[in-house]
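# Descriptive analysis of the structure
So the chains spell out like this:
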Amino acid sequence: MLNVAIDAVRESGFAATSVEDLCRRAGVTKGAFFHHFPTKEALGIAAAEHWSATTGDLFETAPYHAPADPLDRVLAYLDFRKAIVEGDIAGFTCYLGTTVQEAYAAPALRDACRAGISGHAETLEEDIAAAIALYPPSSPVTPSGLALHFQAVIQGAFVMAKAWNDPATARDSLDHLIAYVRLLFPAPTERSRPCPK
């Protein structure tokens, strides 16, 4: 049911996804649905937690962790996010962002979505902090602020892809974000890198 809910919301939005539709897609009765979830909002919260756990596994094993240099890891993360923006729009957009755009007035559901988005952003902070220390940026930034900015641009890029019905629009937005990060940090040179020990 959680996977069905995630797919349905990514395709149609939270408000347009009815309990009846979810039951039909999952092949269960409404009674079975309400046995597990007292409300659609409760399902939405559980789906947010499931989404965060599932995507957390994907990002934890993604190849952007491989580079030795922290700035290279940050840029590799953005390249990875761009690379997975392909195919059907519902297939690459974020359940959390889609849901919170519609359900931000429901505090528990909003908080579950925020926890997932901020939790993912926090996984980037260590690499961003190391990049800041190694290559002091041209403008003052904090690891938490820059990590959340990445998420704001990525979520906004998904909205643009939906508005234009074209994944290329999202990839263009991510290209601008990558360019911003390259401008923010001075170009690494052999002299600016620490000597190997």
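Before any of the text, the structure's been laid out above.
A short tour of the structure in this document, coming up. (Residues numbered from 1 in each chain as written. Predicted model: local features only at pLDDT ≥ 70, side-chain atom pairs only at ≥ 80, totals over all residues. Heavy atoms only, no water.)

One way to put it is that helix 1 (residues 2-12) packs onto helix 4 (residues 40-60) with a least axis distance of 9 Å and a crossing angle of 95°. When the interaxial angle is binned, helix 1 and helix 4 end up roughly perpendicular. In this structure, helix 1 contributes L2, N3, A5, I6 and R10 to the contact, and helix 4 contributes L43, A46, A47, H50 and W51. When its residues are assigned to classes, the contact of helix 1 with helix 4 shows seven nonpolar, two polar and one charged. (Axes fitted to C-alpha atoms, helices over the stretch in contact; angles between N-to-C directions. Helix = DSSP H or I, 4+ residues; strand = E, 2+ residues; numbered from the N terminus. Parallel < 35°, antiparallel > 145°, perpendicular 65-115°, else oblique. Contact = heavy atoms within 4.5 Å. Nonpolar A, V, L, I, M, F, W, Y, C, P; charged D, E, K, R; others polar.)

The biggest cluster of nonpolar side chains holds 59 residues, and the ones touching the most others in it are Y95, F150 and F185. Of all the elements, helix 8 (residues 107-134) adds the most residues to this core, at nine residues. Those residues within four positions of Y95 in sequence are excluded, and the remaining contacts are A5, I6, V9, R10, F14, G44, A47, A48 and W51. (Core = buried A, V, L, I, M, F, W, Y, C linked by side-chain atoms within 4.5 Å. Buried < 20%, exposed > 50% of the residue type's maximum accessible area, 1.4 Å probe, protein only.)

The subject of this paragraph is the packing of aromatic side chains. Summed over the entire model, instances satisfying the criterion amount to eight aromatic pairs. Aromatic side chains F59 and Y77 sit 6.4 Å apart centroid to centroid with 50° between the ring planes, which places their arrangement in the tilted category. Of this pair, F59 sits in helix 4 while Y77 sits in helix 5 (residues 70-83); the two residues are 18 residues apart in sequence, bridging distant segments of the chain. You'll find F59 and Y77 in the same group, each marked buried. Both rings, one in F59 and one in F80, keep their centres 5.8 Å apart while their planes meet at 80°; by these two values the pair is edge-to-face. (Phe/Tyr/Trp six-rings, centres within 6.5 Å; stacked < 30°, edge-to-face > 60°.)

Here the focus is the pattern of salt bridges. Any two side chains of opposite charge can pair if their charged atoms end up close together. Within this structure, the stated rule accounts for eight salt bridges. Of the charged contacts, one joins D21 and R24 as a salt bridge, the two residues approaching to 2.4 Å between their closest N and O atoms. With D21 and R24 both in helix 2 (residues 19-26) and three residues apart, the pair spans about one turn of that helix. Taking the relative accessible area as the measure of exposure, R24 reaches 59% and is therefore exposed. (Salt bridge = Lys/Arg side-chain N within 4 Å of Asp/Glu carboxyl O.)

What follows covers the side chain of T17. Among the structural elements, T17 can be located in the loop between helix 1 and helix 2. Judged by relative accessible area, which is 2%, T17 ranks as buried. The residues contacting T17, other than those within four sequence positions of it, are A8, V9, S12, L22 and K40.

Another point: the packing of helix 8 against helix 9 (residues 143-164). Packed helices, taken two at a time, are described by the angle between their axes plus the distance between the axes. Two elements in contact, helix 8 and helix 9, have axes whose closest approach is 7 Å; the angle formed by their N-to-C orientations is 125°. Comparing the axis directions of helix 8 and helix 9 gives the class oblique. Between helix 8 and helix 9 lies a crossing whose hand is right-handed. For the pair helix 8 and helix 9, contact is made by I117, S118, H120, A121, L124, E125, I128, A129 and I132 and by P143, S144, L146, A147, L148, F150, Q151 and Q155, respectively. Taken together, the residues of the contact of helix 8 with helix 9 sort by class into eleven nonpolar, five polar and one charged. (Left-handed = near helix turned anticlockwise from the far one by under 90°.)

In the Ramachandran plot, N165 falls in the positive-phi region, its phi being about 55° despite a non-glycine side chain. Looking at where N165 falls in the secondary structure, it is placed in the loop between helix 9 and helix 10 (167-184). Look at N165 and you get exposed, because its relative accessible area is 62%.

Helix length check: helix 9, at 22 residues, gives a terminal C-alpha distance of 32 Å against a target of 32 Å (1.5 Å per residue), a fit within 8%. When helix 9 is considered as a whole, its buried residues turn out to be L146, A147, F150, Q151, I154, Q155, A157, F158 and A161. Contacts made by the buried residues of helix 9 are with helix 5, helix 6 (89-92), helix 7 (95-103), helix 8 and helix 10. Following helix 9 by one or two positions, N165 adopts a phi angle in the positive range, close to 55°. (Expected span 1.5 Å × (residues − 1).)

Keep in mind that these numbers describe shape and distance, not what the molecule does.
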